[in-house]
Amino acid sequence: MVYVGDQRPADIVYDYTSSRSRAGPAAFLGDFRGYLQADAYAGYDALYATGRVIEVGCWAHARRYFWDAKATDAAPALLALGFIRELYRVEAEAKALGPDARR
């Protein structure tokens, strides 16, 4: 697993585990409290269940479903893709800001 902090420069840590089980992230994060952005892997669900870790979703995963949906229902899918594109634009601008300004 790769963990990236939110400070500039970011702390980046690679934590090797021999499997993709939830034991790896649970051991690494320990008593961590805060926000965690991760893929939709079910192994993270136990971390979020405690309430100490707040799940931050990934638009890249959600976007794929809208991309696929445009083949059968183009108008709403394209609208959603436009909203997601706008979120990506805001995120790009926010990367230039410090943590307090981003918040």
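Higher on the page you've got the structure.
The following paragraphs examine the structure supplied in this document. Note that the coordinates shown come from a computational prediction; the quantities given were computed from them, not determined experimentally. (Residues numbered from 1 in each chain as written. Predicted model: local features only at pLDDT ≥ 70, side-chain atom pairs only at ≥ 80, totals over all residues. Heavy atoms only, no water.)

**Re the overall build of the protein chain**
Right, on to step 1. Across its full length, the protein chain holds 5 helices and 4 strands.
Right, on to step 2. The secondary structure elements of the protein chain, listed N-terminal to C-terminal, are β-β-α-β-α-β-α-α-α.
Right, on to step 3. Counting every position in the protein chain, which comprises 103 residues, the buried fraction comes to 17%.
Right, on to step 4. If you take every contact in the protein chain between residues at least 6 apart in sequence, the share linking residues at least 24 apart comes to 15%.
Right, on to step 5. Total accessible area computed for the protein chain in this model is approximately 7900 Å², and 58% of it derives from carbon and sulfur atoms. (Helix = DSSP H or I, 4+ residues; strand = E, 2+ residues; numbered from the N terminus. Buried < 20%, exposed > 50% of the residue type's maximum accessible area, 1.4 Å probe, protein only. Contact = heavy atoms within 4.5 Å. Areas by Shrake-Rupley, 256 points an atom, 1.4 Å probe, with all protein chains shown as cover.)

**A few points about the nonpolar core**
Right, on to step 1. In this structure, Tyr-3, Leu-29, Leu-36, Ala-38, Tyr-44, Leu-47, Tyr-48 and Val-53 together form the largest nonpolar core, which totals 8 residues.
Right, on to step 2. When near neighbours in sequence (up to four residues on either side) are disregarded, Leu-36 contacts Leu-29, Tyr-44, Leu-47, Tyr-48, Val-53, Ile-54, Glu-55 and Val-56. (Core = buried A, V, L, I, M, F, W, Y, C linked by side-chain atoms within 4.5 Å.)

**Some thoughts on the packing of aromatic side chains**
Right, on to step 1. Summed over all chains, the structure comprises 1 aromatic pair.
Right, on to step 2. Here Tyr-3 and Phe-28 contribute two aromatic rings whose centre-to-centre distance is 4.0 Å and whose plane-to-plane angle is 10°, an arrangement assigned as stacked. Of this pair, Tyr-3 sits in strand S1 (residues 2-4) while Phe-28 sits in helix H1 (residues 23-29), placing them 25 residues apart in sequence.
Right, on to step 3. Classification of Tyr-3 as buried rests on a relative accessible area of 11%.
Right, on to step 4. The side chain of Lys-70 reaches across the aromatic face of Trp-67, ending 3.9 Å from its centre. (Phe/Tyr/Trp six-rings, centres within 6.5 Å; stacked < 30°, edge-to-face > 60°. Lys NZ or Arg CZ within 6 Å of the ring centre and 35° of its normal.)

**A short note on helix H4 (residues 74-94)**
Right, on to step 1. The end-to-end C-alpha separation of H4 is 30 Å, in line with the 30 Å expected for 21 residues at 1.5 Å each.
Right, on to step 2. Turning to H4, its buried residues are Ala-77, Ala-80, Leu-81, Ile-84 and Ala-94. Axial view of H4: buried residues confined to an arc of 130°, hence all on one face. Exposed side chains of H4 directed beyond 90 degrees from the buried face belong to Ala-75, Leu-79, Phe-83, Arg-85 and Ala-92. (Expected span 1.5 Å × (residues − 1). Arc of directions from axis to C-beta.)

**Things to note about the pattern of salt bridges**
Right, on to step 1. Under the definition given, this model contains 3 salt bridges.
Right, on to step 2. The salt bridge partner of Arg-89 is Glu-86, with a shortest N-O separation of 2.5 Å. Here Arg-89 and its partner Glu-86 are both found in helix H4, 3 residues apart, which amounts to about one turn of the helix.
Right, on to step 3. Since its relative accessible area comes to 38%, Glu-86 is described here as partly exposed.
Right, on to step 4. A salt bridge links Asp-100 to Arg-103, with the shortest nitrogen-to-oxygen separation between them at 2.6 Å. The residues Asp-100 and Arg-103 share a single accessibility class, namely exposed.
Right, on to step 5. When salt bridges that share partners are traced, they join Glu-86, Arg-89 and Glu-93 into one network. (Salt bridge = Lys/Arg side-chain N within 4 Å of Asp/Glu carboxyl O.)

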